[in-house]
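Fold and contact review
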Amino acid sequence: VASRLSGRTSPAMGTYTYTSRPRALPCQRRRYRDSLTQPAEEPIHYGNIMYDRRVIRGNTYAVQTGPLPGQPDPIEIQRQQQAKRRALARKRAQEQLRPRTPEPVEGRKHVDVQTEIYLEEIADRIIEVDMECQTDAFLDRPPTPLFIPAKTGKDVATQILEGELFDFDLEVKPMLEVLVGKTIEQSLLEVMEEEELANLRATQYAYEELRNVELAEVQRLEEQERRHREEKERRKQQQWEVVYKHNETSQKVAARVFAQRYLADLLPSVFGSLRDGGYFFDPIERDIEIGFLPWLMNEVDKTMEYNMVGRTVLDMLIREVVEKRLAMYEHKEDQPPFVQSEDGFSGPRAMRESLMGDEFHEQSASQSQRVLQARDSLQRTPSNRRYMENVSSQERKLTEEEDDEQTERNISGRELL
Amino acid sequence: MDATTAPHHIPPEMPQYGEERHVFELMQNMLEQLLIYQPKDPIPFMITHLQQDNDNVPKIVILGPPASGKTTIAMWLCKHLSSNLLTMDNLMAQKFSSLAAVAREHYQKMKKLSNTLLVRLIQERLREEDCIRRGWILDGIPATREQALMIQTIGITPRHVIALSAPDTVLIERNLGKRIDPQTGEIYHTTFDWPPESEIQNRLVVPGGISELETAQKLLEYHRNIIRILPAYPKILKVINADQPCVDVFYQALTYVQTNHRSNAPFTPRVLLFGPMGSGKSLQAALLAQKYGLVNVHCGQLLKEAVAGESKFGELIQPYFQKEMAVPDSIIMKVLSQRLSQQDCIQRGWVLHGFPKDLDQAHMLNSLGYQPNRVFFLNVPFDSVIERLTLRRLDPVTGERYHLMYKPPPTLEIQARLLQNPKDTEEQIKLKLDLFYRNFLELEEFYRQATTINADQDPYTVFEYIESGIINPLPKKVP
């Protein structure tokens, strides 16, 4: 039991407790023989805990994992070993310290000699004497005698007979009256109490009934009130929604009408602005401007160039002819110089007509044919008659202007000459 | 909803809102873009367009002969309006565009850029984010009519086109003095625009191609081309004389660029005329009302009508009139709001004069929701006022009103019996003018968008100024 107790507590607290039941100290000397009926004696414990090795002294917080109590303690072992060593050392020291007889001289040997007065016989035989001894035989334990203490004191007796002390019937009346009266009073009280309770309960019930009725009434009124209020709220809400919808619709209508009217002019102004910005243009006009007119100018350029080339060549021809004529006339010394050759330069057209003699007719004709061909090529391409007329009239104007330029060029050419 | 029981009117906030936010111009721009690009998904396109919100960014083309200063003007405008400058050089010099690299090669070979390439470069550049957000100023492009037509065909339309013009001799002379700063690229002139810092002076170089002959050739080329470009931009063109100091040209250009062109947005004029006594407000208001059908609202007249009509307002006002005290603001506001909220005022617009006399009244007018959309300040010098008012006379017999200077009475007999209104004496006039000028500065600050007109001229001239102020949209002022 003790160990069990200790086992229960030591893991929790790390402490060691020990209890033992008080018991009679067993006598160490056994007088009687062990009886079979007696229970076995308890195992012998160490009596004094002060000297119990299992009791941990000092700080119990650090768990001591000492050796099991059966096995010898290592400290004990150490101590024993030390003690042994010390004893050995002491013995050795004592042997060394003990004065001994000096060692024998060489050639001699020590022999033990008895130096007492009376000599003793040293024989190996030991004197033996046999002696015997015997304990008394075991006896049965006698039963414990009954303990009867001696009698002390004196015995005395007395006796009361009927009718000697009091009259029961007389004496009992007041008590009975009181008892009964009290009982009846008590019962009356109880009955009254009960009746009162019943009355109270009845009034309570009545009151509760009234109260219920009133509550019901109140609830009904409340319900009615609530219904009224909700109805009113709902009606107000409905009306408010109607008004709100009305306003919203009128606003939407106004907004739509406003937007329509405000942006009524949007499309025309957009188209107008795009047209002003040049994004929308008249395709025919644009086509003429981009496609036709440059080509036209190009062609006019070309024609003018042809004209100029023709005239330049014609110029050269005329110059050659005049030079040749001059040379011819110079050959004929007696003929006067050809005055007309110098005047003739003023009007190349007149010159042309005058010089369209037999020899140069073909050349100039071929030249004019080339010019005419150019003109024909120009006339063939535009199919429109009016165009042709316009072009040819333009050309005529151009050629007239050209003639003026030509005269200037001729004069400059003459100057260069 | 019955038209008789609950007549529906368009609440006046709607036209006001449309006017303030320029809804008509917004829709017009959006529709133009839709028509030009014709996207497959119109709604996302419209959403992105509205989010870009770039209707008011500058889109300017500056044309002009060489040495007219157009690059200078373009750069100054750029800085002032914080916009992007596009010239042929900086279009080709773009680093991150393959098209620009192609253009550079082409230019190196042929010494000039083909029209299609240039127009494609411009198109690409104008699609970039900064041009969309801050606008663009084209300097010297388009140079020929073909370029102009190509630009117009792809849908790029400038809002303002400025053409500088000056006599050729001036230009040739001016070109000889041209100098360029190689670091910043700014153009300076030896006589007209010399930089103050000496370090800039030291690094100026003479650009090539400024001799007289070359300038003359360039001018010939320019005149040949410009005469065909100008008709392509009929309504947005403004020709500025470049023969003036640079600053003058710049300011003219700036004011032009800041004006909006007239749009077809429906517009009800709500005009406010300010001016001291004798500046002609009533006369101008009467002329405006007659010509445009606006309702002439004269505050003093309204109050007198209320008193005469013996309405409940009239009864309130009468004691003030009797004691010759100023009528308190609240009553004036009530009478005025009653008049201005009537249907004819809302529909036809109004001309108000004689009303806000100080800042509080102006705030009250605003809070009631009757904000004017055109405000005019008529400025007259003191002497003119005195002259106009002190010489007013009345003929008691015929009731004709004469003015001794501007409308003298025909005969001496009439002149003998003319009478003067005691309120027209100089002291009275001085008092009233003092009162007016005391509040004038605050009112001027309150109405920032007001136009100031010199009212010292004859009435019809002033009327024309007012008319142009009403009809043209308000210029947007760059802060």
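Residues numbered from 1 in each chain as written. Chains lettered and ligands numbered in written order. Predicted model: local features only at pLDDT ≥ 70, side-chain atom pairs only at ≥ 80, totals over all residues. Heavy atoms only, no water.

What counts, and what does not: UniProt positions are given in the numbering used here, feature names are shortened, and annotations may be inferred rather than shown by experiment.
The name an unreviewed UniProt entry assigns to chain B is Adenylate kinase 8, from the organism Canis lupus familiaris. Recorded in UniProt under Subcellular location (unreviewed entry), the annotation for chain B is "Cytoplasm, Cytosol". Taken from UniProt, the Sequence similarities (unreviewed entry) comment for chain B reads in full: "Belongs to the adenylate kinase family."

An unreviewed UniProt entry lists chain A under the name Radial spoke head 3, with Canis lupus dingo as the source organism. Under the Sequence similarities (unreviewed entry) heading, UniProt states for chain A: "Belongs to the flagellar radial spoke RSP3 family."

1. Here we look at the confidence of the model for chain A
Low pLDDT means the predicted atomic positions in that stretch should not be read closely. Residue and element names in this part refer to chain A. Put simply, the rule is: Summary of the metric used: pLDDT quantifies the predictor's per-residue confidence within the range 0 to 100. Should any heavy atoms of two residues lie within 4.5 Å, those residues are considered in contact.
Per-residue pLDDT for chain A averages 77, and the proportion of residues at 70 or more is 69%. Confidence drops under a pLDDT of 50 for residues 353–360, and excluding neighbours within four residues, the segment shows 8 contacts in the predicted structure. Note that residues 377–384 has pLDDT below 50 and, in this model, 7 contacts with residues that lie over four places away or in other chains.

2. Focus: the interface of chain A and chain B
Applicable threshold: Here a salt bridge means any side-chain nitrogen of Lys or Arg lying within 4 Å of a carboxyl oxygen belonging to Asp or Glu. Any N or O atom pair separated by 3.5 Å or less is treated as a polar contact, with the protein-specific requirement of one donor-capable and one acceptor-capable atom, and with residues adjacent in sequence counted only for side-chain atom pairs. Every helix listed is a DSSP run of H or I at least four residues long, and every strand listed is a run of E at least two residues long, numbered separately from the N terminus. Note that Gly is not counted as nonpolar here; it falls among the polar residues with everything else outside the nonpolar set of Ala, Val, Leu, Ile, Met, Phe, Trp, Tyr, Cys and Pro and the charged set of Asp, Glu, Lys and Arg.
With 28 residues of chain A at the interface, the matching set in chain B holds 31 residues. Across the chain A-chain B interface, the total number found is 2 salt bridges. With a closest N to O distance of 2.3 Å, Arg145(B) and Glu289(A) form a salt bridge. At the boundary of chain A with chain B, the tally comes to 6 residue pairs in polar contact (both at pLDDT 80 or more). Elements with a contribution of two residues or more to the side of chain A that touches chain B: α3 (168–262), α4 (266–277) and α5 (283–331) of chain A. Taken together, the residues of the side of chain A that touches chain B sort by class into 15 nonpolar, 8 polar and 5 charged.

3. Some words on the nonpolar core
Residues and elements named next belong to chain B. Put simply, the rule reads: For our purposes a nonpolar core is just a set of buried Ala, Val, Leu, Ile, Met, Phe, Trp, Tyr and Cys residues, chained together by side-chain atoms within 4.5 Å. Each residue is placed in one exposure class: buried if its accessible area under a 1.4 Å probe, protein chains only, is under 20% of its type's maximum, exposed if it is over 50%, and partly exposed if it falls in between.
Core analysis: the biggest nonpolar cluster contains 53 residues, and Leu77, Leu121, Ile122, Trp136, Ile137 and Ile162 have the highest contact counts within it. The residues contacting Ile162, other than those within four sequence positions of it, are Ile60, Val61, Ile62, Leu63, Lys238, Ile240, Ala253, Tyr256 and Val257. Listed in part, the 32 residues of the second largest apolar core include Phe274, Cys299, Leu336 and Leu443.

4. Comments concerning the UniProt feature "coiled-coil region" (unreviewed entry) in chain A
The UniProt entry lists residues 211–241 of chain A under the feature "coiled-coil region" (unreviewed entry), expressed in the numbering used here. Counting secondary structure, residues 211–241 of chain A comes out at 100% helix and 0% strand; the distance between its end C-alpha atoms is 43 Å.

5. Observations regarding the sheet that holds strand β9 (residues 295–298) of chain B
Residue and element names in this part refer to chain B. How we decide: If DSSP finds at least two bridges between two strands, the strands pair. Each axis is a line fitted through C-alpha atoms, taken for helices only over the stretch in contact, and angles between the N-to-C directions span 0 to 180 degrees.
Taken in spatial order, the 5 strands make up an open sheet running β9-β10-β8-β11-β14, and their pairing is parallel. Each edge of the open sheet is held by one strand with a lone partner, namely β9 and β14 (451–454). On average, each strand axis in the sheet is inclined to that of its neighbour by 25°, with strand direction left out of account. Pairing analysis gives 4 bridges linking strand β11 (residues 374–379) to β14, with the strands arranged parallel. Residue pairing across strands places Asn379 opposite Asn454, the latter belonging to β14.

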